[in-house]
Amino acid sequence: MKFIVSSSYLQKHLQMLGGVINSNNTLPILDNFLLELKGKELKVSASDMETTMLTALEVDSDDDGSIAIPAKLLLDTLKTFPEQPLTFSADNNIMTVSHDKGSSEIACSNGADFPKAVSLNDPSSTTILGDTLATAINKTIFAAGNDDLRPVMSGVFFQFSTESLTFVATDAHKLVRYRREDLAANETAEFIMPKKPLNLLKAMLQGSETEVLINYNESNAQFTFDSTSIICRLIDGKYPNYEAVIPKENPNKLVIARNQFLNSVRRVSIFSNKTTHQIRLKMAGAELNISAEDLDYSNKADERLTCDYQGDDMQIGFNSRFLIEMLNNLNCEDVSLEMSMPNRAGILTPVDGLDDGEQVTMLVMPVMLNQ
């Protein structure tokens, strides 16, 4: 097989695919890109058995054939070239890459040994704008857990209905629900997406106006946009009933400037206990008092902020790391924190900066305060 392609065009596409390949694969063939040539179309795939990504490129050729080429070696080579046409020709599992200064030979493997991508039988489908999907992933993925013993919590829960699209992530300490009421699916469906393909999608779709077609069945999901497709195995299991943990009655409501609150929590948390990262919020009238104390080292800090608070005077403890992570993930001027009691979860929501039909609800579990 033989084809000619621009070096930077090829590198741009392979760079995306490189994110799929694991650094230590159990099957050596997975260290390769699979190149499949059909006339002027070159299909390139990468896989780790769980996630497979394919992209189609236009090349100058009238050959057919397939070969598996070492991914790292090819990427490292392409990075060194300025923009120029490269000629690839394969013979007996040796790929020769020719350019204006010379050529290099790469030992390849048989393309037939590369695992075949899963094809989805009778899938359901939904279409969503690329940037909207990237935002939904961005707003939720940070809250997903890393616990191997609870795999269902290590992904993002996609909940599609005929009224809205909902994305949820939780690690049992914090929970984020991102909902779009301006979008809907043709039928109700639920599935749990692993983090790796979501991170790949997020990187590629940020700011993109492309429509993404999502096909899914019981065990797999496929995301198709432009000339690229990502197929991944879904996380098996039932997602916890997250609606049950969101407190419905929250009479105590605090509204405060997000940046001011975030900076204050950051400063005070430096003085908190290094194991619990506990900070104390004390609300009374129009004043919020944020304090932390590390009894082991006699370090402490407290700050006072003016805020808009409606409700009974109360004290509540939070893990500052979770609070910082959540406040960091919102892009609004003011945030609202709603609470019922010091031992019930607090609900953090943006007051402004949302599109019509967009909802972000963040839940943070309190920590017991030592009096």
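Quick note: structure is the one above.
Residues numbered from 1 in each chain as written. Predicted model: local features only at pLDDT ≥ 70, side-chain atom pairs only at ≥ 80, totals over all residues. Heavy atoms only, no water.

Asker: Tell me about helix α2 (residues 71–79), and name the residues and values.
Answerer: What α2 keeps buried is the set A71, L74, L75 and L78. Within α2, the buried residues cover an arc of 95 degrees as seen down the axis, which keeps them to one side. Considering only its buried residues, α2 is in contact with α1 (7–18), β2 (32–38), β5 (64–70), β6 (85–91) and β8 (102–107). (Buried < 20%, exposed > 50% of the residue type's maximum accessible area, 1.4 Å probe, protein only. Helix = DSSP H or I, 4+ residues; strand = E, 2+ residues; numbered from the N terminus. Arc of directions from axis to C-beta. Contact = heavy atoms within 4.5 Å.)

Asker: Now, about the pairing of strand β13 (residues 174–180): what can you tell me, with residues and values included?
Answerer: Burial of β13 is extensive: 7 of the 7 residues sit out of reach of the surface. Residue alternation in β13 divides its side chains into two sets, K174, V176, Y178 and R180 and L175, R177 and R179, and both sets are buried. Taken together, the 6 bridges between strand β12 (residues 165–170) and β13 define a ladder with antiparallel strand orientation. By the bridge assignment, L165 is partnered in β13 with R180. Pairing geometry for β13 and strand β26 (residues 358–364), over 7 bridges, is antiparallel. What sits directly across from R177, in β26, is T361. (Pairing = 2+ DSSP bridges.)

Asker: Break down the packing of aromatic side chains for me, citing the residues and quoting the values.
Answerer: This structure, assessed with the given rule, holds 12 aromatic pairs. Relative to Y242, the ring of F157 has its centre 6.3 Å away and its plane inclined at 70 degrees; by these criteria the two rings are edge-to-face. Taken as a pair, F157 in strand β11 (residues 156–160) and Y242 in the loop between β17 (228–233) and β18 (252–257) lie far apart in primary sequence, 85 residues in all. Taking relative accessible area as the criterion, F157 reaches 6% and is therefore assigned buried. For Y242, a relative accessible area of 5% puts it in the buried group. What links up through ring pairs into an aromatic cluster is the set F158, F160, F167, Y178, F191, Y216 and F223. (Phe/Tyr/Trp six-rings, centres within 6.5 Å; stacked < 30°, edge-to-face > 60°.)

Asker: Residue-level account of the sheet that holds strand β27 (residues 366–367), with values.
Answerer: With antiparallel pairing, the 5 strands of this open sheet are ordered in space as β21-β20-β19-β23-β27. The two strands at the open ends of the sheet, each matched to only one other strand, are β21 (299–306) and β27. By the bridge criterion, 5 bridges tie strand β19 (residues 278–284) to strand β20 (residues 287–294) in an arrangement that is antiparallel. Residue pairing in the sheet places L281 in a bridge with I290 of β20. In the packing of helix α5 (residues 258–269) onto the sheet, contacts are made with β19, β20 and β21, and the angle to β21 comes to roughly 165 degrees. The sheet strands contacting helix α6 (residues 320–329) are β19 and β23 (314–319), and the helix crosses β23 at an angle near 85 degrees. (Axes fitted to C-alpha atoms, helices over the stretch in contact; angles between N-to-C directions.)

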